[in-house]
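Remarks on the overall topology
The residues making up each chain are set out below.
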Amino acid sequence: MTAARRSQLSPDRVAGTVFVLLAAFAPLIFSAYWVSALLTQMLFLGVVAASLIFLSAFGGMVSLAQTAIYGVAGFALGNLTTNGNTKGLNLGWAELPGIVVAVGIALLVALVFGALASRSYGIYFLMITLVFSVIANLFFGQVTTVSGFGGISGIPIPEFLSRTAHPDRLYFVTLAVALAVYATLRYVARTPFGLTLQGIRDDPVRMASLGYDVTRHRLLAFTFAGLIAAIGGILFVWWNAQIAPSTIGLGATIDVLVIAVIGGLYRLEGAWLGALVFVLINNYAPDVGVIGDRFHTLIGVIFLVIVLVSPNGLIGLWERATVGRRRTVPGDITQERSSAEPTPVG
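This is a predicted model, so every value here is computed, not measured.

The rules behind these values
The written sequence of each chain sets the order in which its residues are numbered from 1. Under the rules for a predicted model, residues below a pLDDT of 70 receive no local features and side-chain atom pairs below 80 are neither given nor counted, while totals for whole chains, interfaces and linings still include all residues. Side-chain calculation: all heavy atoms of the structure are included, whereas hydrogens and water are not. Only runs of H or I of at least four residues qualify as helices and only runs of E of at least two qualify as strands under DSSP, and these elements are numbered from the N terminus. Only protein chains enter the accessibility calculation, which uses a 1.4 Å probe; a residue is then buried when its area is under 20% of its type maximum, exposed when over 50%, and partly exposed in between. Here, two residues are considered to be in contact whenever any of their heavy atoms come within 4.5 Å of each other. For every residue, the predictor assigns a confidence score, pLDDT, that lies between 0 and 100. Note on definitions: salt bridges are taken to be side-chain nitrogens of Lys or Arg within 4 Å of carboxyl oxygens of Asp or Glu. Put simply, buried Ala, Val, Leu, Ile, Met, Phe, Trp, Tyr and Cys residues joined by side-chain atoms within 4.5 Å make one nonpolar core. Note on geometry: axes are C-alpha line fits, over the in-contact stretch for helices, and angles between N-to-C directions span 0 to 180 degrees. Here the angle decides the label: under 35 degrees means roughly parallel, over 145 means roughly antiparallel, 65 to 115 means roughly perpendicular, and every other value means oblique. Residue type decides the class: Asp, Glu, Lys and Arg count as charged, Ala, Val, Leu, Ile, Met, Phe, Trp, Tyr, Cys and Pro as nonpolar, and the leftover types, Gly among them, as polar.

Here we take up the overall build of the chain. Regarding its fold elements, the chain presents 15 helices and zero strands. When each of the 346 residues of the chain is scored for burial, the buried share is 46%. A separation threshold of at least 6 residues defines the contact pool for the chain, and within that pool the share at least 24 residues apart is 74%.

The structure is reproduced here in structure tokens:
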């Protein structure tokens with residue numbers, strides 16, 4: 001078997017194909033509850049986590065503002081499209097212009113956040129983006145004109161996505177969006193912009209000396225990741241039909257980071273793998289008597305174990321196992337990447 005043929009049959013490709021097939025036929029395989037409540041939630045949480053992983057893997061920026069940005073999109077959509085009987089502006093817009101404007105508002109917020117944070121690095125960047133999340137949470141919690149503590153309920157969704165009349169359509173739309181987001185992020189990572197961004201991640205001083213505008217590239221990357229997070233916010237509102245300040249609180253902010261780390265902070269696939277593990281634990285762990293309301297304790301222990309055993313998350317464990325198997329194939333020239341090298345391969 002030639003090396004090209006072995007590459008086509010690599011474990012990563014096989015696993016990816018199996019995942020896509022299972023996702024495509026999920027309504028025929030899993031129960032309605034699994035599809036509408038668990039898998040749909042996994043997909044849009046994966047979209048939000050993917051925006052974080054994109055910044056981390058390709059830009060060296062671990063952002064805690066993604067939850068705030070997807071919340072801004074959700075609150076904006078709620079204010080624009082509701083029509084009475086709830087808090088907020090209740091402007092009563094149609095869904096399509098409401099979606100466009102809501103995403104545009106979230107994109108503008110991401111641009112402002114990025115302009116403020118793009119000149120900072122490391123722990124300073126992390127803390128600045130955490131401040132953004134806190135500000136967003138406090139703003140929507142205290143400004144009753146646009147939300148207030150109780151949030152916005154009864155947010156309309158497009159009629160063709162009604163879960164009463166069409167229980168699986170929202171799932172398939174969310175799946176299509178997740179696949180499109182994944183393909184787009186992989187493509188962007190391989191464009192000249194993406195390659196330049198990776199160079200800035202590795203050595204910003206050297207890239208600046210070569211004539212690249214480091215701050216502008218980091219700003220554009222942050223804004224683009226904000227667009228992805230905003231799309232996740234729209235999907236969340238369609239799924240939940242309401243949004244409250246607690247949706248984007250500190251706990252929710254940390255949850256997205258936990259999803260990314262559990263799945264793998266340097267691989268895009270880790271966003272959805274981590275989201276699946278998180279959703280399943282969040283849904284079933286409370287039914288275990290010993291755990292009960294101690295979900296965050298459990299997820300914290302899992303987070304700690306993952307970090308200690310595999311800094312690259314569950315994807316890192318997968319890579320160790322598959323690379324080990326490939327090395328046993330006669331004539332296979334595949335070399336294992338150093339586990340300490342966080343090279344994103346998306």
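Residues of the chain with pLDDT of at least 70 account for 89%, and the chain-wide mean is 87. Scored below 50 in pLDDT, residues 1-7 shows six contacts in the model against residues more than four places distant or in partner chains. Here residues 326-346 is modelled with pLDDT under 50, and outside its nearest four sequence neighbours on either side it reaches 31 contacts, counting other chains as well.

Attention shifts here to the pattern of salt bridges. Summed over the entire model, instances satisfying the criterion amount to four salt bridges. Asp202 serves as the salt-bridge partner of Arg201, at 2.8 Å between the closest nitrogen and oxygen. Arg201 gets classed as partly exposed once you look at its relative accessible area, which sits at 22%. Arg267 is the salt-bridge partner of Glu269, the closest N and O atoms lying 3.1 Å from each other. Residue class for Arg267 comes out buried when judged on its relative accessible area of 10%. When salt bridges with common partners are traced through the structure, they connect Arg186, Arg267, Glu269 and Glu319 into a single cluster.

On to the nonpolar core, then. Ranked by size, the top nonpolar core spans 88 residues in total, and within it Phe54, Tyr171, Ile234, Trp238 and Trp272 carry the most contacts. Look past the residues within four positions of Trp238 in its chain and what remains in contact with it is Leu77, Ile99, Ile157, Pro158, Leu161, Leu170 and Val173.

With that out of the way, let us pick up the packing of helix α8 (residues 169-189) against helix α11 (residues 214-240). Interhelical geometry of α8 versus α11 gives an angle of 175° and a closest axis separation of 11 Å. Judged on the interaxial angle alone, α11 and α8 are roughly antiparallel. Residue-level inspection shows Leu170, Val173, Thr174, Val177, Val181, Thr184, Leu185 and Val188 of α8 in contact with α11, the latter providing Phe224, Ile228, Ile231, Leu235, Trp238 and Trp239. In terms of residue class, the contact of α8 with α11 is made up of 12 nonpolar, two polar and no charged.

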